[in-house]
Amino acid sequence: MALKDAKSGLRNEAGIAAVLGILKQSFGERFQTGESFRAQHAHTTTYIPAQLPDGVLFAETADDVKAAVRVCAEHKVPLIGFGTGSSLEGQVNAPNGGISIDFSRMNRVLEVNAEDLDCTVEPGITREELNVYLRDTGLFFPIDPGANASIGGMASTRASGTNAVRYGTMKDNVLSVTAVTANGEEVRTARRARKSSAGYDMTRLFVGSEGTLGILTSVTLRLQGIPQKIGGGVCAFPTIKAACDAVIMTIQMGIPVARIELLDALQIKCCNAYSNLDYEETPTLFLEFHGTDETVALQSQQFAEIATECGGGEFLWTVNAEERAKLWKARHNAYWASRALAPELAALSTDVCVPISRLADCITETQADIEANGLLAMIVGHAGDGNFHVLVLFDDKTSEGISAVENFVARLNARALEMDGTCTGEHGIGQGKMSFLEQELGGTVDLMRQVKRSLDPDNIFNPGKIFHLG
Ligand SMILES: Cc1cc2nc3c(=O)[nH]c(=O)nc-3n(C[C@H](O)[C@H](O)[C@H](O)COP(=O)(O)OP(=O)(O)OC[C@H]3O[C@@H](n4cnc5c(N)ncnc54)[C@H](O)[C@@H]3O)c2cc1C
């Protein structure tokens, strides 16, 4: 179960002591061992107990990373990459201690090739910083997890967000990475060509590997042109099933929706209270269309007809930038809006993803489960991808509270797998979902172990994540 997976205890005390001495001498103030620094670099936004690293290196260049990897490799000490620490499954915890490499000072844009619609950045830049930088080029980077995460962290968790239904996930938007591997050398996984059949796809091996195969020192990304016109709107539905039917019909008809997000009634209630809104408190879709005046109007009209056919209310849409921003700010604040409902409780945010035709069943059964077990939980879905999050508010001070939430997560994952879905559409495995990965992929996890052993024989890169080596 999730919390039990978080416990470990294989610390290499002598190696850690040696590495602390060497890094302090080499990096001075850029290497910190104080408790507050270490605590900041273990988890803050998850229910999994924090496991602190022994020191934090504020890397400024790829050479810093190479030096740290070489020292840690020599002494067999763990290294854990740290972007902004917003991952949700215990990914930046240090169960065996070791060194956290903080990338906040490696946040430069290295190049923008506007004519090729790509750019190369250091891993610590956040998605919002990148989009501010790109604004004058007419380009933008579309992947938008709810947090203002770093590009290195997003690549490492294979993140996505509300725009994935149109622009894909990090899997589709990373063209290449440079990574420092266990021998301390930097490799580049691909050039900038849009397509390539050149050997194994090492880029996609690193994307989603959660820092377990090497440390990313740069990421080359696809960019998109800022759409000439953006329209957004909200539509209320009487039931989850009606809202999901509208989503399925929209996708099946090939309407190129840019965002189509589902919020259940409790989530809408939280957003109303937190963001001072007055939406009807029933299952609701938030939508966005990208294109020209004509295509945005046409797509909005087509969706309005689908919504009516599925029993939805009026589709209220706008091209006014301020109104749209308010709508999406409320959506992006959904996590904090939910936490505000019961600040005294702990929160678990978990995600699963199913084939879109099973989305309504999966969410409806999950809601019934929440009700039957007396849980306080709300659902938000990247519905166009069949991906949804459940945020459970629970008492983490009692064993009953913890086991109720663990049992719920186990049932949720079993349900998604039974529908041929996955235990995570975007948050990754970290420590929290290791057992579900085994259930989902069985023997394929052994192949992953073989890859890990081959690239990282001493298990220095983020040990105790994704799977146990056994
Ligand atoms: C409110 C909220 C909403 C969220 N919504 C979404 C969402 O909609 N979609 C989604 O996908 N996620 C979402 N998340 C989860 C989170 O934002 C993503 O997992 C994000 O990709 C993590 O990025 P980060 O920079 O915070 O990475 P971190 O948490 O710092 O690290 C994540 C992983 O990447 C590794 N890593 C970081 N940098 C490097 C590097 N340079 N080299 C090698 N490994 C590295 C770390 O070791 C760790 O394993 C949400 C989180 C919160 C708190």
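No experiment lies behind these values; they were computed from the predicted model shown. (Residues numbered from 1 in each chain as written. Predicted model: local features only at pLDDT ≥ 70, side-chain atom pairs only at ≥ 80, totals over all residues. Heavy atoms only, no water.)

A word on the overall build of the protein chain
- On a plain count of helices and strands, the protein chain comes out with 18 helices and 18 strands.
- Here the C-alpha radius of gyration of the protein chain, 22 Å, is about what a compact globule of 470 residues would show, namely 23 Å.
- Each principal axis of the C-alpha atoms in the protein chain carries an extent, and together these give about 65 × 55 × 40 Å.
- The buried share of the protein chain, taken over its 470 residues, is 56%.
- Expressed as a percentage of contacts within the protein chain between residues at least 6 apart in sequence, the contacts between residues at least 24 apart total 72%.
- Element-wise, carbon and sulfur atoms account for 51% of the exposed surface of the protein chain, whose accessible area totals about 19200 Å².
- When the 41 basic and 58 acidic side-chain charges of the protein chain are each reduced to a single mean position, those positions are 5 Å apart. (Helix = DSSP H or I, 4+ residues; strand = E, 2+ residues; numbered from the N terminus. Rg over C-alpha atoms; globule rule 2.2 N^0.38 Å. Buried < 20%, exposed > 50% of the residue type's maximum accessible area, 1.4 Å probe, protein only. Contact = heavy atoms within 4.5 Å. Areas by Shrake-Rupley, 256 points an atom, 1.4 Å probe, with all protein chains shown as cover. Lys, Arg positive; Asp, Glu negative; His and termini not counted. Charge placed at Lys NZ, Arg CZ, Asp CG, Glu CD.)

Looking at the nonpolar core
- One finds Phe-237, Leu-285, Phe-303, Phe-388 and Val-390 to be the most contacted residues of the largest nonpolar core, which totals 55 residues.
- If we skip the residues at most four places from it in the chain, Val-390 touches Leu-348, Ser-349, Thr-350, Thr-366, Ile-370, Ala-377, Met-378, Ile-379, Phe-408 and Leu-412.
- One finds Ala-149, Ala-159, Phe-206 and Leu-221 within the second-largest nonpolar core, a separate group that totals 25 residues. (Core = buried A, V, L, I, M, F, W, Y, C linked by side-chain atoms within 4.5 Å.)

Notes on the sheet that holds strand S1 (residues 31–32)
- Taken together, the four strands give an open sheet; going across it, the order is S1-S2-S4-S3, and neighbouring strands pair in mixed fashion. On the outer flanks of this sheet lie S1 and strand S3 (79–82), each paired with one strand and no other.
- Strand direction decides the pairing type here: strand S2 (residues 55–58) and strand S4 (residues 99–102), joined by four bridges, are parallel. Bridge pairing in S4 places Val-56 opposite Ser-100. (Pairing = 2+ DSSP bridges.)

Notes on the packing of aromatic side chains
- The full count for this structure, using the stated rule, is seven aromatic pairs.
- With centroids separated by 5.9 Å and ring planes inclined at 80 degrees, the aromatic side chains of Phe-37 and Phe-58 adopt a geometry described as edge-to-face. Taken together, the positions of Phe-37 in helix H3 (residues 35–40) and Phe-58 in strand S2 put the pair 21 residues apart, joining distant regions of the chain.
- Classification of Phe-37 by relative accessible area gives partly exposed; the value is 29%.
- Considering the side-chain rings of Phe-140 and Tyr-167, the 5.7 Å spacing of their centres and the 90 degrees angle between planes classify their relative orientation as edge-to-face. Of this pair, Phe-140 sits in strand S7 (residues 139–140) while Tyr-167 sits in helix H7 (residues 164–167); the two residues are 27 residues apart in sequence, bridging distant segments of the chain. Tyr-167 carries the same exposure label as Phe-140, and that label is buried.
- The rings of Tyr-279, Phe-286 and Trp-328 are connected pair by pair, giving a single aromatic cluster. (Phe/Tyr/Trp six-rings, centres within 6.5 Å; stacked < 30°, edge-to-face > 60°.)

Considering the packing of helix H17 (residues 434–441) against helix H18 (residues 444–455)
- The contact between H17 and H18 brings their axes to 7 Å, and the two run at 115 degrees. Only Thr-444, Val-445, Met-448 and Arg-449 of H18 make contact with H17, whose side of the interface consists of Leu-437, Glu-438 and Leu-441. (Axes fitted to C-alpha atoms, helices over the stretch in contact; angles between N-to-C directions.)

A short note on the side chain of Ser-156
- Structurally, the position occupied by Ser-156 is in helix H6 (residues 151–157).
- Each residue touching Ser-156, except ones within four places of it in the same chain, is listed here: Gly-208, Ser-209, Glu-210, Gly-211 and Leu-216.

Some points on the side chain of Thr-282
- Among the structural elements, Thr-282 can be located in the loop between helix H11 (265–275) and strand S14 (284–291).
- There is a polar contact of 3.0 Å between the side chain of Thr-282 and the backbone oxygen of Phe-237.
- If near-sequence neighbours (up to four positions away) are discounted, Thr-282 is found in contact with Ala-236, Phe-237, Leu-263, Ala-265 and Ile-268. (Polar contact = N/O pair within 3.5 Å; in protein donor to acceptor, adjacent residues only side chain to side chain.)

Here's the deal with the state of the cysteines
- Here the structure, examined in full by the defined rule, presents zero disulfides.
- Distance from the sulfur of Cys-362, which forms no disulfide, to the nearest cysteine sulfur (Cys-353) is 9.5 Å.
- For Cys-362, a relative accessible area of 0% puts it in the buried group. (Disulfide = S-S within 2.5 Å.)

Some remarks on the domain arrangement of the protein chain
- When its domains are assigned, the protein chain resolves into domain 1 (2–104), domain 2 (109–225), domain 3 (229–335) and domain 4 (338–444).
- Just the C-alpha atoms count here: the centres of domain 1 and domain 2 sit 23 Å apart.
- Contacts between domain 1 and domain 2 engage 14 residues on the former and 20 residues on the latter.
- With both sides pooled, the region where domain 1 packs onto domain 2 buries about 1200 Å², and carbon together with sulfur makes up 65% of that total. (Domains from an automatic or database assignment. Buried area = accessible area lost by both parts, 1.4 Å probe.)

Looking at helix H13 (residues 321–332)
- With 12 residues, H13 ought to run about 16 Å at 1.5 Å a step, and its terminal C-alpha atoms sit 16 Å apart, in line with that.
- Looking only at H13, the buried set comprises Arg-324, Leu-327, Trp-328, Ala-330 and Arg-331. The buried residues of H13 occupy an angular sector of 150 degrees when projected down its axis, which confines them to one face. Summarising the geometry of H13, the exposed residues directed more than 90 degrees from the buried face are Glu-322 and Lys-329.
- Capping of H13 at its N-terminal end is provided by Asn-320; its side-chain oxygen lies 2.9 Å from the backbone amide nitrogen of Glu-322. (Expected span 1.5 Å × (residues − 1). Arc of directions from axis to C-beta.)

What about the site of the ligand?
- Near the ligand lie 37 residues; those nearest to it are Gly-81, Thr-84, Ser-86, Ser-87 and Ser-150.
- Between an oxygen atom of the ligand and a side-chain N or O atom of Thr-84, the distance comes to 2.6 Å.
- Note that a nitrogen atom of the ligand is positioned 2.9 Å from one of the backbone N or O atoms of Ser-160.
- Relative to its unbound accessible area of 980 Å², the ligand is 97% covered by the protein chains.
- Elements represented by at least two residues in the shell around the ligand include exactly S3, H6 and strand S10 (215–222).
- A per-element tally of the shell around the ligand places H6 first, with five residues. (Near = heavy atom within 4 Å.)

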